[in-house]
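A look at the structure
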Amino acid sequence: MLQLVPTLWQPSETNIANAVELKMRVMPWHCDPNMHINNGKYLSIMDLGRGQLFVRHGLMKKIMRHKFKVVVGAAHILYRRSIPIGRRFTLRSQFIGVNERFIVLQQGFIYGTQIAALAYVNVAFSANSGLVTPSDVCAALEIDFHALPVLPEVGHKAWETDKALLERMSELNLESIG
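Attention here is on the structure that accompanies the text.

This paragraph deals with the pattern of salt bridges. Counting across every chain of the model gives seven salt bridges. Ionic pairing is found between glutamate 100 and lysine 163, a salt bridge with its closest N-O pair at 3.9 Å. Note that glutamate 100 is positioned in the loop between strand 3 (88-98) and strand 4 (103-111) and lysine 163 in helix 4 (residues 153-171), a separation of 63 residues in sequence. Assessed through its relative accessible area of 56%, glutamate 100 is described here as exposed. Members of the salt-bridge network, linked through shared partners, are Glu21, Lys23 and Arg92.

This is the structure in structure tokens:
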């Protein structure tokens, strides 16, 4: 969380499509026995990147004012390179579009000149009344819905995978497992 403090003094991003970057160093508590970032820690670090994204785009106060809760509906991540203990890396986060239920983010871990891991994250906003549609979220947060980038094909494919997993979850009889 302390990594976000310096971002409070950075200039705000005015273009909702622009990425923000969080520069970090791999600490011992990020690592597994192989002395590189543990696969689960990537997701925790991505939480920080999403927080920074909302702060830098001037959305955090609006989210709090509307009493929205930001929840992750799905995260699809591909790991390509390890990032060893003590090394610096950059987490680049940006809004990349919407689907029927979520605002979709892309979050990439850059190590040197290569992408070490890349994730697509479906983010939903909930209120006391339940989930809020992406268009209603954009209206409440004063985001030009049409200024969001067009969701790339891989984002649509990830959403199709999510729907298939939801269907499978509803088919499972948990009593028959284990």
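An ideal rise of 1.5 Å per residue puts 27 Å on 19 residues; helix 4 measures up with 28 Å between its terminal C-alpha atoms. Its buried side turned inward, helix 4 meets strand 2 (69-79) and strand 5 (114-127).

Before going further, it helps to spend a moment on the packing of aromatic side chains. Taken as a whole and judged by the stated rule, the model has seven aromatic pairs. Relative to phenylalanine 109, the ring of phenylalanine 89 has its centre 5.8 Å away and its plane inclined at 35 degrees; by these criteria the two rings are tilted. Taken as a pair, phenylalanine 89 in strand 3 and phenylalanine 109 in strand 4 lie far apart in primary sequence, 20 residues in all. In terms of burial, phenylalanine 89 and phenylalanine 109 fall into one category: buried. An aromatic cluster is defined as three or more aromatic residues linked by ring pairs; in this entry it consists of Tyr42, Tyr79, Phe89 and Phe109.

All right, on to unusual backbone geometry then. Across the chain, the bulk of peptide bonds are trans and the bulk of non-glycine residues have phi less than zero. Residue methionine 35 is not a glycine yet carries a positive backbone phi of 60 degrees. With respect to the helices, strands and loops of the structure, methionine 35 is situated in the loop between strand 1 (20-25) and helix 1 (39-56).

Now for the pairing of strand 5. Of all 14 residues that make up strand 5, 10 are buried, and the element is covered over most of its length. Where strand 2 meets strand 5, 10 bridges bridge the pair, whose relative direction is antiparallel. Residue pairing for strand 5: lysine 69 is matched across the bridge by serine 126. The pairing of strand 4 with strand 5 spans nine bridges and is antiparallel. If you follow isoleucine 110 over to strand 5, its bridge partner there is isoleucine 115. The loop that links strand 4 with its antiparallel partner strand 5 comprises two residues; one of these, glycine 112, has a positive phi angle of about 70 degrees. Relative to strand 6 (residues 130-132), strand 5 runs antiparallel, the two being bridged by three bridges. Bridge pairing in strand 6 links serine 126 to leucine 131. In sequence, strand 5 turns back onto strand 6 through a hairpin of two residues.

Each value, and the rule that gives it
Residues numbered from 1 in each chain as written. Predicted model: local features only at pLDDT ≥ 70, side-chain atom pairs only at ≥ 80, totals over all residues. Heavy atoms only, no water. Salt bridge = Lys/Arg side-chain N within 4 Å of Asp/Glu carboxyl O. Helix = DSSP H or I, 4+ residues; strand = E, 2+ residues; numbered from the N terminus. Buried < 20%, exposed > 50% of the residue type's maximum accessible area, 1.4 Å probe, protein only. Expected span 1.5 Å × (residues − 1). Contact = heavy atoms within 4.5 Å. Phe/Tyr/Trp six-rings, centres within 6.5 Å; stacked < 30°, edge-to-face > 60°. Pairing = 2+ DSSP bridges.

It is worth stressing that arrangement in space is one thing and function is another; only the former is reported here.
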